[in-house]
Amino acid sequence: MAEESDQERTEAPSPQRREKAREDGQVPQSRELATFVVLMTGGAALWMMASGLGQAMSQIVRGGLQFQPAIARDSAYVMAQLSSQFFDAALALAPFLALVLIAALASPLLLRGWLFSTKAFAPDFKRLNPLSGIKRMFSSQGLVELVKSLAKVGLLGGVAAWLIWSNLDALFSLSLESPPLAIQHMGDLIGKVFLLASGAMIFIVVLDLPYQLWSYYNKLKMTKEQLRQENKESEGDPHVKARIRAQQREVARRRMMAEIPSADVVVTNPTHYAVALKYSEGRMRAPRVVAKGADAVAAKIRELAAEHKVPLLEAPPLARALFRHTELGDEIPATLYAAVAEVLAYVFQLRHFQRVGGAYPDAPTALPVPPELDPLA
């Protein structure tokens with residue numbers, strides 16, 4: 001049962017999966033939204049420009065029907081006339097076509113933004129498989145597309161029929177008007193019917209858009225195994241990372257042990273903790289921790305300190321406080337200045353004794369360690 005659940009697509013798509021899908025040209029898209037934007041823009045433009053377009057096109061047609069019989073058989077003249085009329089028609093339609101083109105280019109911005117992917121143009125021979133085509137036809141997606149097509153035909157046809165029926169009087173009255181005025185009114189009427197019929201598609205868009213978004217993200221869902229594999233690839237194999245961390249700790253430990261011979265003193269617990277301190281007057285504001293460790297590491301620190309004749313001082317509260325509240329390379333806390341100062345004074349006296357002789361210094365015992373810094377206090 002656990003293996004079956006791992007193979008079910010129950011996990012939300014990761015950012016990496018969504019980005020890869022976008023690179024492959026797979027993005028949420030709604031043809032109904034793009035069609036609605038283009039049709040509404042075209043309808044609005046046709047409504048506003050109907051009068052001017054009608055007049056311009058009527059002049060083009062009138063000019064094309066006027067010719068001199070003497071040169072009607074001249075092919076060069078006919079081609080010149082056709083070229084001129086085609087240019088005039090293109091010029092008249094240019095503003096309308098430009099608005100429709102802008103709407104077609106801007107419609108993707110409402111949902112997903114512009115996307116240019118060469119992978120979308122790569123040939124996919126799986127699409128030539130007739131079995132796959134039949135499966136798509138009878139899939140839930142195919143059923144949804146069929147329902148949408150029927151709804152569009154029914155809705156647009158019904159709205160257009162109702163608008164035409166409600167404007168029958170205006171249509172019949174066109175025959176009683178002069179041609180220029182009739183062309184103007186007919187253009188306004190066509191634009192109005194086209195705009196209102198296109199606006200009825202908003203109901204289809206409202207239903208289609210959430211479904212397309214749900215369908216897109218549902219297809220991108222991942223299995224738990226895919227999610228684990230992706231995390232492993234992006235963040236690295238946990239076993240490899242563990243080995244790397246172990247190697248890093250080993251390198252840090254060797255570097256730390258190399259600092260012990262130059263330390264001034266090693267403060268011990270005496271067996272559980274060991275902290276090595278170093279102070280260079282004029283170069284350091286306060287003593288620094290150059291090595292610290294517990295148990296086996298503490299034993300190794302004590303062994304190296306004894307080997308290199310670094311003084312060892314048993315001061316359990318101070319050792320515990322330094323181990324708990326400092327990291328390698330840190331200066332000691334200001335609240336421990338007084339205690340460490342007594343330790344360093346003892347170390348300097350011990351060095352003086354070793355060079356000159358005299359009375360052996362007494363090791364400090366009651367060091368002023370604040371109770372809140374000692375974990376066992």
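Predicted, not measured: the structure shown is a model, and the values here were computed from it.

Draft legend 1. A look at the pattern of salt bridges. Taken as a whole, this structure holds seven salt bridges when the rule is applied. The residue Glu250 makes a salt bridge to Arg253 at a minimum N-O spacing of 3.0 Å. With Glu250 and Arg253 both in helix α11 (residues 238–259) and three residues apart, this pair spans about one turn of that helix. On the basis of relative accessibility, which here comes to 30%, the residue Glu250 falls in the partly exposed class. Using a relative accessible area of 31% as the deciding quantity, one classes Arg253 as partly exposed. Between Arg351 and Asp264 there is a salt bridge; the shortest N-O distance is 2.8 Å. With Arg351 in helix α14 (residues 337–356) and Asp264 in the loop between α11 and β1 (265–268), this residue pair connects regions lying 87 residues apart in the sequence. A single network of salt bridges, built from pairs that share partners, joins Glu250, Arg253 and Arg254.

Draft legend 2. Seen up close, the side chain of Arg320. Note that Arg320 resides in helix α13 (residues 316–325). Side-chain polar atoms of Arg320 contact the side chain of Asp374, separated by 2.8 Å. Leave out the neighbours within four places in its chain, and Arg320 touches Asn269, Tyr273, Asp374, Pro375 and Leu376.

Draft legend 3. Layout of the nonpolar core. Core analysis: the largest hydrophobic core is formed by 23 residues, its most contacted members being Leu277, Leu318 and Leu336. Counting only elements with at least two residues in this core, the list comes to β1, β2 (273–278), α13 and α14. Top element by residues in this core is α14. It accounts for seven residues. Each residue touching Leu336, except ones within four places of it in the same chain, is listed here: Leu318, Ala321, Leu322, Val369, Pro370 and Leu373.

Draft legend 4. Broad picture of the side chain of Asp374. With respect to the element layout, Asp374 can be found in the segment after α14. You can call Asp374 buried: its relative accessible area is 9%. Not counting chain neighbours up to four residues away, the residues in contact with Asp374 comprise Pro317 and Arg320.

Draft legend 5. How the structure looks around α13. Restricting attention to buried positions, one finds in α13 the residues Leu318, Ala319, Arg320, Ala321 and Leu322. In the core, the buried residues of α13 are packed alongside β1, β2 and α14.

Draft legend 6. Geometry of unusual backbone geometry. Backbone geometry places Asp295, a non-glycine residue, at a positive phi of 55°. Relative to the helices and strands, Asp295 is located in the loop between β3 (288–294) and α12 (296–307). Despite not being glycine, Lys309 has its phi angle at roughly 60°, a positive value. Turning to its location among the elements, Lys309 is positioned in the loop between α12 and β4 (312–314).

Rules used in this analysis
Residues numbered from 1 in each chain as written. Predicted model: local features only at pLDDT ≥ 70, side-chain atom pairs only at ≥ 80, totals over all residues. Heavy atoms only, no water. Salt bridge = Lys/Arg side-chain N within 4 Å of Asp/Glu carboxyl O. Helix = DSSP H or I, 4+ residues; strand = E, 2+ residues; numbered from the N terminus. Buried < 20%, exposed > 50% of the residue type's maximum accessible area, 1.4 Å probe, protein only. Polar contact = N/O pair within 3.5 Å; in protein donor to acceptor, adjacent residues only side chain to side chain. Contact = heavy atoms within 4.5 Å. Core = buried A, V, L, I, M, F, W, Y, C linked by side-chain atoms within 4.5 Å.

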